[in-house]
Amino acid sequence: MLNVRHKQSEVILKALNFNGAPGKETTAESYKVLVLDKFTKDVIAPLLRLNDLRKHGVTLHLMLEADRQPIPDVPAVYLIAPSPANVERVAADAGANLYDSMYLNFTVPIPAKLVEQLAAGVVKAGALSRVSKLYDQYISFIALEPSLFSLGQPETYIELNDPQARDYQIEATVSNIVDGLFSVCVTLGVVPIIRCPRGGAAEHIASALDAKLRDALKSRTNLFSEGVLGLSASLSRPLLCLFDRNFDLSAAVQHSWTYKPLVQDVLGLKLNRISLQSEAAGPGPAGMMAGGGAASKKHYDVDEKDFFWEACGAHVFPKVAEEVETQLQRYRAAVDEINKKTAAHSGQEGAFDPDELLRRNTQNLMQAVSSLPELQEQKKVLDKHTNIATSLLGAIKMRALDQYYNTAEDLLTGKADLAAVLKLLQSGKGAPMDKLRLALIYILAQDGLPSEQELSELEQVMRTGGADVTALQYVRTLKRNNLTGSGKGGAEAMGHHAGGTMPSQNNLLDWADKTFGSGLSQVAKGVKTLLSGARQAPLAACVEVLMEGRVGTPEFDSFAVFDPKLPPGRANLERAKGPFREGIVFMIGGGNYAERETLVNWSQRCTPPRQVLYGATELLSGEEFVQQLSELGRRSGGR
């Protein structure tokens with residue numbers, strides 16, 4: 001079972017313990033300071049909270065870039081990326097005698113040149129004895145969930161597609177991605193078989209990763225737990241599938257209707273944390289805020305410890321709203337039951353012996369005391385998700401997100417045309433960004449390029465609605481040059497059907513107008529058919545072909561194969577036949593929760609179920625990705 005979050009947590013806790021085995025209890029002698037840089041702060045944030053750090057003796061966690069006061073007689077654990085600026089700062093810390101001893105942990109192996117820079121700096125400062133140990137940790141990625149990770153590398157899509165980029169800039173970006181993927185492989189202890197489309201960044205990255213893994217297997221200090229087994233059967237090794245973002249642009253810009261993707265897209269979920277505006281200001285993109293004044297924010301953490309988040313993350317929004325109220329009713333019933341048991345008269349019927357009454361009341365009181373903390377924690381979680389769902393409902397009502405989602409789905413399954421798109425765009429509903437995203441879906445969903453007249457009409461409507469059409473023009477150029485994958489993933493096109501049909505509904509927003517401010521369970525009325533799973537996304541369809549080893553299909557036969565356990569160039573389709581029980585799907589240029597959800601849904605439908613890890617260079621909302629498309633459009637001259 002691949003669990004990237006658990007494995008990375010183990011590595012970090014070992015580093016906090018001076019790279020010894022983590023003890024169950026921390027003694028006063030092991031108290032320490034933790035020093036992080038911006039990237040490693042993001043690595044730690046989803047894994048360890050303040051209480052977790054304290055359990056492992058971390059009394060202070062400080063930023064490397066900040067001015068810090070000396071803390072004598074206390075060791076410091078550094079968890080940082082190897083960069084010239086960071087190494088310079090570490091040498092300065094040693095020279096300033098900030099800490100008693102320094103344990104340096106780098107996210108990836110530190111290059112020899114930087115080791116020399118560090119050695120020269122601490123020797124010059126006369127502080128060589130301060131540096132106790134130096135470790136390479138291979139943690140250059142952010143583990144958000146057991147099967148979800150990000151490399152935390154912003155704007156990779158721009159860097160790899162910028163027409164003005166120099167070769168050395170592209171190579172630096174590729175090298176960073178390879179380092180991140182190599183860290184994931186080392187942390188999981190696996191040497192995968194690699195598949196990717198031929199040509200483009202995916203094959204370039206796959207080739208470099210293949211070489212790096214092969215070199216590691218030849219090394220005297222083997223980093224991989226399975227490396228000593230030699231050539232393993234494909235069933236015991238995962239399949240790593242690399243994709244360029246252009247493989248399916250529609251998944252990056254489409255609106256969502258299930259809980260986790262909605263929270264990311266609308267509320268800006270980052271590093272398993274949500275920041276909600278106060279009631280004075282509604283959620284949404286720029287230009288759609290309800291209030292203009294400064295608003296206070298509430299922060300909520302959501303992760304695998306949150307029972308509601310894990311149970312309802314893949315539910316459509318109306319079902320989530322129903323579930324909130326169902327869970328609240330269960331909570332109230334449990335509290336009422338405790339109150340009845342602990343009431344003064346609860347044990348009096350049929351028992352008149354004072355000793356027996358005392359025994360029963362004491363027993364009931366002990367049961368109540370033991371169950372109250374759990375109930376209080378449940379209530380906190382439910383209050384949190386009530387606030388989140390209410391905030392989502394406000395955004396859905398304000399921006400007509402249900403209609404935008406439904407129209408986009410109809411486009412991608414061939415059930416809508418330009419007239420339906422223009423009708424919604426001209427209705428006055430939605431923010432300019434919502435309109436732009438739907439217009440992009442219209443272009444991407446076409447088998448070919450729409451006519452100049454259609455594009456001109458679409459651009460005119462967009463400009464009238466206040467949207468920047470630069471991204472539209474850029475995507476049109478991509479389509480013209482055949483640089484995007486298939487935008488259509490309809491059930492009829494893929495030969496898959498998960499059940500049900502998806503009727504077009506023109507008045508879905510009525511439910512919000514009628515129920516906003518009332519019980520959240522009322523939200524579900526009238527929209528239960530909005531999402532029925534009639535479409536399989538192109539990515540999930542392709543991953544299915546690759547993991548099942550369907551010989552003769554275009555994807556299986558055309559994708560490149562790399563096997564680091566074989567000599568260079570010796571890997572062939574025989575090595576990739578599978579079927580594979582475990583897979584790692586990685587999107588170069590940015591991914592999102594909605595795309596990950598399509599893979600999870602497919603893997604759970606399989607018999608037996610497959611396990612799929614999903615990762616990306618960064619996780620982006622639809623708005624954030626469209627902004628990158630616009631930036632590329634500007635750098636390309638607007639056409």
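The following paragraphs examine the structure supplied in this document. (Residues numbered from 1 in each chain as written. Predicted model: local features only at pLDDT ≥ 70, side-chain atom pairs only at ≥ 80, totals over all residues. Heavy atoms only, no water.)

A few words on the pattern of salt bridges. Summed over the entire model, instances satisfying the criterion amount to 27 salt bridges. The partner of Arg463 in a salt bridge is Glu459, with the nearest N and O atoms 3.4 Å apart. A residue pair is termed a helical-turn pair when its members lie 3 or 4 positions apart in one helix, as Arg463 and Glu459 do in helix 17 (residues 452–464) at 4 residues. Residue classification places Glu459 among the buried residues on the basis of a relative accessible area of 8%. With a closest N to O distance of 3.1 Å, Arg610 and Glu548 form a salt bridge. Residue Arg610 is found in the loop between helix 23 (593–605) and strand 14 (611–616), and its partner Glu548 is found in helix 21 (residues 538–548); the two are separated by 62 residues along the sequence. By relative accessible area, which is 23% here, Glu548 ends up partly exposed. Salt bridges linked by common partners bring Asp162, Asp468, Glu631, Arg634 and Arg635 together as one network. (Salt bridge = Lys/Arg side-chain N within 4 Å of Asp/Glu carboxyl O. Helix = DSSP H or I, 4+ residues; strand = E, 2+ residues; numbered from the N terminus. Buried < 20%, exposed > 50% of the residue type's maximum accessible area, 1.4 Å probe, protein only.)

Next up on the list: the packing of helix 15 (residues 418–425) against helix 16 (residues 432–445). Between two packed helices, both the angle of their axes relative to each other and the distance between the axes serve to describe the pair. One can describe the packing of helix 15 onto helix 16 by two numbers: an axis separation of 10 Å at closest approach and a directional angle of 175°. Classified by the angle their axes make, helix 15 and helix 16 are roughly antiparallel. Between helix 15, through Leu418, Val421, Leu424 and Leu425, and helix 16, the contact on the second element is made entirely by Lys435, Leu438 and Tyr442. Among the residues forming the contact of helix 15 with helix 16, the class breakdown is 6 nonpolar, no polar and 1 charged. (Axes fitted to C-alpha atoms, helices over the stretch in contact; angles between N-to-C directions. Parallel < 35°, antiparallel > 145°, perpendicular 65-115°, else oblique. Contact = heavy atoms within 4.5 Å. Nonpolar A, V, L, I, M, F, W, Y, C, P; charged D, E, K, R; others polar.)

With 13 residues, helix 1 (residues 4–16) should reach 18 Å at 1.5 Å per residue; the first-to-last C-alpha distance of 18 Å fits that figure. When we look at burial in helix 1, the residues that qualify are Val4, Arg5, Gln8, Ser9, Ile12, Leu13, Ala15 and Leu16. Taken down its axis, helix 1 places every buried residue within 155° of arc, on the same side. Sitting at the head of helix 1, Asn3 places a side-chain oxygen 3.3 Å from the backbone nitrogen of Arg5. With its phi angle positive at about 60°, Phe18 sits one or two positions after the end of helix 1. (Expected span 1.5 Å × (residues − 1). Arc of directions from axis to C-beta. Polar contact = N/O pair within 3.5 Å; in protein donor to acceptor, adjacent residues only side chain to side chain.)

Its place among the elements puts Lys384 in helix 13 (residues 354–399). Given the relative accessible area of 12%, Lys384 is considered buried.

Once that is clear, we can look at the sheet that holds strand 13 (residues 582–588). Strand pairing in a sheet relies on backbone hydrogen bonds, with the paired strands running either antiparallel or parallel. An order of 6-7-14-13-9-8-12 is seen for the 7 strands of this open sheet, with the pairing classed as mixed. Lying at the two open borders of the sheet, with one neighbouring strand each, are strand 6 (142–145) and strand 12 (560–562). Ignoring which end each strand starts from, the neighbouring axes of this sheet average 20° apart. Two strands pair when backbone bridges link them, and strand 13 and strand 14 are joined in this way by 6 bridges, in the parallel orientation. Bridge pairing in strand 14 places Phe586 opposite Gly615. Docked against the sheet, helix 1 engages strand 6, strand 7 (148–150) and strand 14, running at close to 135° with respect to strand 6. Along the sheet, helix 21 makes contact with strand 8 (193–196), strand 9 (239–244), strand 13 and strand 14, crossing strand 9 at roughly 145°. (Pairing = 2+ DSSP bridges.)

One finds Leu242 and Phe243 to be the most contacted residues of the largest nonpolar core, which totals 113 residues. Setting aside residues up to four positions removed in sequence, Leu242 forms contacts with Leu181, Ile194, Arg195, Cys196, Pro197, Ala202, Ile205, Ala206, Phe586 and Ile588. (Core = buried A, V, L, I, M, F, W, Y, C linked by side-chain atoms within 4.5 Å.)

On to the pairing of strand 10 (residues 273–277), then. Side chains Ile274 and Leu276 of strand 10 all project onto a buried face; the interleaved residues Arg273, Ser275 and Gln277 project onto a face where none is buried. For strand 10 and strand 11 (residues 297–301), the ladder comprises 5 bridges, and the chain directions are antiparallel. The residue bridging Gln277 from the neighbouring strand is Lys297, located in strand 11.

For the rest of this paragraph, the subject is the packing of helix 21 against helix 23. It is the contact of helix 21 with helix 23, at a shortest axis distance of 9 Å, that shows an interaxial angle of 45°. Put simply, helix 21 runs oblique to helix 23. Here the hand of the crossing between helix 21 and helix 23 comes out right-handed. Contacts between helix 21 and helix 23 involve Leu539, Ala540, Val543, Glu544, Met547 and Glu548 on the former and, on the latter, Glu595, Thr598, Leu599 and Trp602. Here the residues of the contact of helix 21 with helix 23 sort into 6 nonpolar, 1 polar and 3 charged. (Left-handed = near helix turned anticlockwise from the far one by under 90°.)

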